[in-house]
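Each chain is listed here by its residues.
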Amino acid sequence: MLTAFKPKSREVTKTERKNDALFLYSEYGVLKIEPKNGSIVRVVRTVRDFFSDEEKPGVVAKEAYDDWDYVENSKEVILVLEKLTVRIRKDSGSVRFYGEDPKNPGKSILLFKEKDVEPADFEEFETFRIAGVPQKTRIIETADGKKEVLEDPLKVSTGKCFHIRWNFELKNEALYGLGQQEKRFASLRGRTLYVHQGNRKIAVPVFVSTAGYGILIDTYSPLIFNDNGNGTYIYTEADSEQDYYFMAGGMNEAVAGYRFLTGKASLLPRWSFGYVQSQERYETQEEILATAAKFRKQGIGMDCIVLDWLSWGDNQWGQKSYDERRFPDPKGMIDRLHSDHVHFMISIWPTMAENTENHKEFAKENLLLPANTCYDAFKKEARELYFDQLKRTHFGYGTDAWWCDSSEPFTPEWNHPVRPEESVIYKEYLDEAGLRMGYERCNSFPLYHAMGIYENQRKAMDENGKKDPGYREKRVCNLTRSAYTGQQRYGTIMWSGDIDASWETLKDQVAIGLHFSASGLPYWTNDIGAFFVKKGAFWYWNGKYDDTVDNKGYSELYTRWYQYSAFLPVFRAHGTDCRREPWNFKGEFYDAMVKVNRLRYELMPYIYSEAGKVWLKDRSLIRWLAFDFTSDKKTWNITDQYMFGESLMVCPVLEAMYYDEAGRELTKNSARGSRNVYFPAGCDWFDFYTGEKYSGGTTARVHAPLEKIPLFVKDGSIIPMRKAALSTEEQNDKITYKRFGKITKGYEFYEDAGDGYGYEKGDYKITVIK
C-alpha cells in the first residue's frame, strides 16, 4: 500500500516581537506581521529558515511603526492597532482582519479572512534564464512592431523559487482593481483573471473591496486571481516568500493607503489635462506644424501634438534620432509649436535594431536583455544610458513629453493570427518574458523603464538649472502602455492599448479604466475612436468600419467616444486606418466634438483642482460609483456611469442611437436621444446643463442628444470654471463658480502658485470657496 506522509504542522509554537514586527513560528514556516501605520499591516510568510532581504522597488514606506501591542491565549494571537485588529489562529497560522463597523461605531466587524486551514501553500521549483550564448530566434512583423521570438532556447538554472497559492474567503462584497483587463465587468467576483502585462492588459496587483479594505500583493511575477467553484485564491508564479499588505478603510482610504506604501502620484504638467492630438502617424515636420496651425485656425483647443513611431531613418527601428529628410530642424519645429502654446510628445521604444548606433552602445556595455534588442531596464546603468541618448537628441531639442510605447515589452499573443485562449497567452508570456527577465520579476519591466525616464530627466533638469538660473523646469510626463506597483510616482499616464472600433469596445473602456484607477494609479486614457477601425486579417485588427470617416455609423461612435474621453484624466485621440483630427468628421459630428472640447477647457479649473487633490490628498480622478456610495448596493454593478472628481457624475452614451454599423439611419430606435441614469442614494443630483433636480436612489430617462454627454452634479457642490481657450496656457479669464443645491461646506480649490511647470513638491496654493 502507498504511504501517507504526514505534512509539516502549521501550529504556532512560538511568538515573539522583535524589530517592530511580530513573528509566529511553526514547523511549516514563519509568519511575520509588520504594522506600517494604524490601519495597515504587512504579512510575510516563508517556509525557509530566513526572510528575503531583497529590496523591492514598489513599496517605499520602509519606516518602522511601533504604536501597537499584542496578546495571546490558547487559541489565537491578537495584534491591536488604532484602526485595525489582526487575529492569528494558533492551530493553522490563518490570519483574520477586523475593523470598525461603520454602522455601529465602537464595534468591530470582520473585514477579511484567510482560509481557516492551509491559508497558503508553497511549491518549490527550479528557475531558468537564457544562457549567455547565441540563441536561435526569429523576427515576426506585427502591428505592434517587430517581435523577436525565442526558438528552442538554451537555458541555465538560476536557483529555486516558489509557486504560492494564497487561499482566502470573501463575504457579500464587490472587488475592484488588479489593473486593466480587456473586457468589461463590474466586480472581480466569480472570475478567473490572468494578471500579466500585454498590449491591451496592465498588471497591477492591488484590489479594493466594498467590505472596507484593500490588499496589495507585493509580488513582481505574474499571478492568477480565481474566485469560483475551484476555490478563492491568488496564485503567484515565482516568489521566494508570500508578501502582502492589508489596508483597512473604505475604498478611497484603501487607495490612499496604497499611495502611503508606494508613493504619491506625481502631479502632471497643467497642459497635459488639455486636449492631446495624435494619430498613426504624422510623417513630416511640415505635417505636424500644419496640423497644429489648423487647430488654431479652426478655434479648437489643443495643448499637445504627438509624433508616433518611425520618426527615425529607414531601417533604424528605435533609434533616438530623426530622419533628417523628413525632420530637418526638430528643434525649430518644437520652438515653433511652443510659440503657439502647443507642447510636443514623441514615441520612443525600449527596443533598438541591431544596426543602430543606440543598440551598439548598449551591446558594447552588455546592457541588453538576453537574445533581444530591448535594453535591460533592471540595470541602473542601462536606464542612465537610455536617457543619456535622449539628452543628445530629443530632450535637447525641447521635447515636452515621452510616449514610452511597448513598455511590457513582450506581447506574444500578437504573434498569432487567431487569438489564443487566456491561459495560453499567460503561459506564452511567462515563457517569453520569464526566460529573458526572470519569472520572479517579469511583470515589473514597465516600472523600471518609467523609473529611468523620471529619475534621469529630473537629474538632467537639476543639472541644467545649476548651469542656467533661468532654466524652465518641466514636470515629467510619460504616456506608457504598461505599469506596475508604485509607478504613479514617475509622472506616468497609461492607456488601454491598440483596441478595435465597436460600441462593445467603447463600453469596455469605461469599466476597464475604472478598474485600473481602483488599483491606485490615477492617470489613464484610451485611443478615441479605437486604434483599429477597419477589419484586418489578424484577430486584433477587428474594427467594424471599413469606410471609416465616410461612415456615419463610425462618425457617431467616434463622437460619443470623444465625449466620453473628455471626462477622463487625459483627453487624447489616436489610431490608424483614418485621420483623427476633428475636422475629418462632418456636420453635426464635428459640431458636437468642438462643443465638448470647449467644455473640457471651461472645466479646466475644476479638473486641475481635482488633479491637485490626487497628489495632495491621494484621491482618484475617475472612480466607480461604489467608491463614494458604498452603502447603496445598486452602485456596485454599474459599469456605464462614474465619478469624475469630487462632484461630477459622468453618464456617457455607449450605444448607437442614430446610425447602424453600415451607416444607415436608425429611424425606429426607441432609445434615440436619451438614456437611463441611476442617481445614487445619499444625496440629490442636478443636471449640469439645466439645473434640473433628481432625487438620490431613483432612475430616470435623461436627455442625451448627439451634441451632449449627460453630466450630473452632487448636491452641495461648487464647480470652478473659466472661459474656454485654445490652450491651458492661454486661459487667463477670471474663474467663476457654479453652485448646485444647498452649499453646506466650502470647496477646496487647488491651483498653481507658479506657472504649472515647476516640480510637484509644493508649487500649489489652496483657496476655500464658500
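**Structural notes on the overall build of the chain**
Alright, step 1. Check the secondary structure of the chain and you find 13 helices and 40 strands.
Alright, step 2. In terms of overall dimensions, the chain is globule-like: its C-alpha atoms have a radius of gyration of 26 Å, near the 27 Å expected for 770 residues.
Alright, step 3. Reported as C-alpha extents along the three principal axes, the dimensions of the chain are approximately 80 × 70 × 60 Å.
Alright, step 4. Residues classed as buried in the chain amount to 63% of the 770 residues present.
Alright, step 5. Within the chain, contacts between residues at least 6 apart in sequence are counted, and of these 70% link residues at least 24 apart.
Alright, step 6. Within the chain, the 114 negative side-chain charges are centred at a point lying 3 Å from the centre of the 107 positive side-chain charges.

**A closer look at the environment of A626**
Alright, step 1. Considering the arrangement of structural elements, one finds A626 in helix 13 (residues 625-628).
Alright, step 2. With a relative accessible area of 0%, A626 lands in the buried category.
Alright, step 3. Measuring from C-alpha to C-alpha, the distance between A626 and T356 comes to 51 Å, with 270 residues separating the pair along the chain.

**Focus: the packing of aromatic side chains**
Alright, step 1. Considering all chains together, one arrives at 65 aromatic pairs under this definition.
Alright, step 2. By way of ring pairs, the aromatic residues F97, F112, W166, F168, F207, Y213, F225, Y244 and F246 are connected into one cluster.
Alright, step 3. Just above the ring of F688 sits the side chain of K738; from NZ or CZ to the centre is 4.2 Å.

**Quick notes on the sheet that holds strand 29 (residues 622-623)**
Alright, step 1. Reading across the sheet, the six strands line up as 29-30-31-36-33-34 and stay open at both edges, with antiparallel pairing between neighbours. Of all the strands in the sheet, just strand 29 and strand 34 (693-694) have a single pairing partner and so form its edges.
Alright, step 2. Of the pairings in the sheet, the one linking strand 30 (residues 642-644) to strand 31 (residues 648-650) comprises three bridges and is antiparallel in character. In the sheet register, F644 faces strand 31, and the bridge partner there is L648.

**A word on the sheet that holds strand 25 (residues 478-480)**
Pairing between the strands of a sheet is mediated by backbone hydrogen bonds and can be parallel or antiparallel.
Alright, step 1. Taken in spatial order, the eight strands line up as 27-26-25-24-23-22-21-28 in an open sheet, and their pairing is parallel. The sheet terminates laterally at strand 27 (524-525) and strand 28 (571-573), the two strands that pair on one side only.
Alright, step 2. Summarising the sheet, strand 21 (residues 275-277) and strand 22 (residues 304-307) pair through two bridges and their orientation is parallel. Considered in strand 22, the bridge of V276 is made with C304.

**Topic: the nonpolar core**
Alright, step 1. Of all hydrophobic cores here, the largest spans 205 residues; its most connected members are F97, F112, Y176, F246, F344, F567 and Y642.
Alright, step 2. Counting residues per element, this core draws most heavily on helix 8 (residues 445-467), which supplies nine residues.
Alright, step 3. Discounting chain neighbours no more than four positions away, the residues touching F344 are I288, C304, I305, L307, Y322, M333, I334, L337, T399, D400 and A401.

**Focus on unusual backbone geometry**
Alright, step 1. The amide bond that connects E280 to the next residue, R281, takes the cis arrangement and shows omega of -5°.
Alright, step 2. Here R281 lies in the loop between strand 21 and helix 2 (285-298).
Alright, step 3. Here the residue pair E408 and P409 is connected by a cis peptide bond, since its omega of 0° sits within 30 degrees of zero.
Alright, step 4. Mapping P409 onto the fold places it in the loop between strand 24 (401-404) and helix 7 (422-437).
Alright, step 5. Residue N19 is not a glycine yet carries a positive backbone phi of 50°.
Alright, step 6. In this structure, H341 takes a positive phi of about 60° despite not being glycine.
Alright, step 7. On the accessibility criterion, H341 (29% relative accessible area) is partly exposed.

**Some words on helix 2**
Alright, step 1. If you check helix 2, its first and last C-alpha atoms are 20 Å apart, about what 14 residues at 1.5 Å a residue would give, namely 20 Å.
Alright, step 2. Three or more residues of helix 2 are buried, namely Q285, E287, I288, L289, T291, A292, F295 and R296.
Alright, step 3. On its buried face, helix 2 sits against strand 21, strand 22, helix 3 (330-339) and strand 23 (343-348).
Alright, step 4. Where helix 2 ends, the next residue or the one after it, G299, has phi of about 75°, a positive value.

**Section: helix 1 (residues 251-262)**
Alright, step 1. With twelve residues, helix 1 should reach 16 Å at 1.5 Å per residue; the first-to-last C-alpha distance of 16 Å fits that figure.
Alright, step 2. By the burial criterion, the buried members of helix 1 are M251, A254, V255, G257, Y258, R259, L261 and T262.
Alright, step 3. Within two residues after helix 1, G263 carries a phi angle of roughly 110°, on the positive side.

**Re the pattern of salt bridges**
Alright, step 1. Within the structure shown, the criterion is met by 55 salt bridges.
Alright, step 2. Taking the shortest distance from any N to any O, the salt bridge between E114 and R45 comes out at 2.5 Å. Here E114, found in strand 9 (residues 108-114), pairs with R45, found in strand 4 (residues 40-46); they are 69 residues apart in sequence, far enough to count as distant.
Alright, step 3. E504 is the partner of K507 in a salt bridge, and the nearest nitrogen-oxygen pair spans 3.4 Å.

**Section: the side chain of Q319**
Alright, step 1. Relative to the elements of secondary structure, Q319 occurs in the loop between strand 22 and helix 3.
Alright, step 2. The class for Q319 is buried, based on a relative accessible area of 11%.

**Quick word on the packing of helix 9 (residues 503-518) against helix 10 (residues 552-565)**
Packed helices, taken two at a time, are described by their axes: the angle between them and the distance between them.
Alright, step 1. Their axes nearest at 11 Å, the elements helix 9 and helix 10 cross at an angle of 5°. By the angle between their axes, helix 9 is roughly parallel relative to helix 10. Residues W503, T505, L506, Q509 and V510 of helix 9 lie in contact with helix 10, whose contacting residues are E556, L557, R560, W561 and Y564.
Alright, step 2. Split by residue class, the contact of helix 9 with helix 10 holds six nonpolar, two polar and two charged.

**Considerations on the pairing of strand 24**
Alright, step 1. Both faces of strand 24 are covered, namely the face carrying A401 and W403 and the face carrying W402 and C404.
Alright, step 2. As judged from the four bridges shared by strand 23 and strand 24, these two strands associate in the parallel manner. Looking at strand 24, one finds that S347 is bridged to W403.
Alright, step 3. Pairing of strand 24 with strand 25 involves three bridges; the strand directions are parallel. Looking at the pairing, C404 lines up with T480 of strand 25.

**Some points on the packing of helix 2 against helix 3**
Alright, step 1. It is the contact of helix 2 with helix 3, at a shortest axis distance of 11 Å, that shows an interaxial angle of 0°. Looking at the two axes, helix 2 sits roughly parallel to helix 3. Listed contacts from helix 3 to Q285, I288, L289 and A292 of helix 2 are P330, M333, R336 and L337.
Alright, step 2. Here the contact of helix 2 with helix 3 is composed, by residue class, of six nonpolar, one polar and one charged.

**Comments concerning the confidence of the model for the chain**
As a general rule, the predicted coordinates of low-pLDDT regions are not to be interpreted in detail.
Alright, step 1. Residues with a pLDDT of 70 or more make up 98% of the chain, whose mean pLDDT is 94.
Alright, step 2. Confidence drops under pLDDT 50 across residues 757-762; counting only partners more than four residues distant or on other chains, this segment forms 23 contacts.

**Topic: the side chain of S94**
Alright, step 1. Tracing the chain through its elements places S94 in the loop between strand 7 (85-89) and strand 8 (95-100).
Alright, step 2. You can call S94 buried: its relative accessible area is 0%.
Alright, step 3. A polar atom in the side chain of S94 sits 2.9 Å from the backbone oxygen of K115.

**A short note on the environment of R623**
Alright, step 1. Looking at the element boundaries, R623 is found in strand 29.
Alright, step 2. Residue classification places R623 among the buried positions, given a relative accessible area of 7%.
Alright, step 3. For the pair R623 and M251, spaced 372 residues apart in sequence, the C-alpha to C-alpha distance is 9.9 Å.
Alright, step 4. Among the polar contacts made by the side chain of R623, one reaches the main-chain carbonyl oxygen of S620 at a distance of 2.8 Å.

Thresholds applied
The numbers attached to residues start from 1 for each chain and follow its sequence in the written order. This being a predicted model, a pLDDT of at least 70 is required before a residue's local features are given, and a value of 80 or more before pairs of side-chain atoms are given or counted; all residues contribute to the totals for chains, interfaces and linings. To obtain the side-chain values, all non-hydrogen atoms of the structure were included, while hydrogens and water were left out. In this description a helix means any DSSP run of H or I spanning at least four residues, a strand means any run of E spanning at least two, and both kinds are numbered starting from the N terminus. Computation of the radius of gyration draws on C-alpha atoms, with the globule rule given as 2.2 Å multiplied by the number of residues to the power 0.38. Categorising residues by exposure relies on relative accessible area from a 1.4 Å probe, with only protein chains included: less than 20% of the type maximum marks a residue as buried, more than 50% marks it as exposed, and the intermediate range marks it as partly exposed. In what follows, a contact means two residues having at least one pair of non-hydrogen atoms within 4.5 Å. By the counting scheme adopted, Arg and Lys are positive, Glu and Asp are negative, and His together with the chain ends is not counted. Charged side chains are reduced to one point each, which is NZ for Lys, CZ for Arg, CG for Asp and CD for Glu. Any Phe, Tyr or Trp ring, taking Trp's six-membered ring, that has another such ring centre within 6.5 Å forms a pair; planes under 30 degrees apart are called stacked, those over 60 apart edge-to-face, and the others tilted. Two conditions define a charge located above a ring, namely a distance within 6 Å from the ring centre to NZ of Lys or CZ of Arg, and an angle within 35 degrees of the ring normal. At least two DSSP bridges between two strands are needed for those strands to be called paired. We call a set of buried residues a nonpolar core when its members are Ala, Val, Leu, Ile, Met, Phe, Trp, Tyr or Cys and they connect through side-chain atoms within 4.5 Å of each other. Take the number of residues in a helix, subtract one, and multiply by 1.5 Å to get its expected span. Salt bridges are defined by distance alone: a side-chain nitrogen of Lys or Arg within 4 Å of a carboxyl oxygen of Asp or Glu. Structural elements are reduced to axes, namely lines fitted to C-alpha atoms, with helices fitted over the stretch in contact, and the angle between N-to-C directions of any two is expressed from 0 to 180 degrees. Any angle between 65 and 115 degrees counts as roughly perpendicular, while under 35 counts as roughly parallel, over 145 as roughly antiparallel, and the rest as oblique. Lys, Arg, Asp and Glu make up the charged group, whereas Ala, Val, Leu, Ile, Met, Phe, Trp, Tyr, Cys and Pro make up the nonpolar group; the residues left over, Gly among them, are polar. How sure the predictor is of each residue is captured by pLDDT, a score from 0 to 100. Two N or O atoms count as a polar contact when they lie within 3.5 Å, although within protein this holds only if one can serve as hydrogen donor and the other as acceptor, and sequence-adjacent residues are included solely when both atoms are side-chain atoms.

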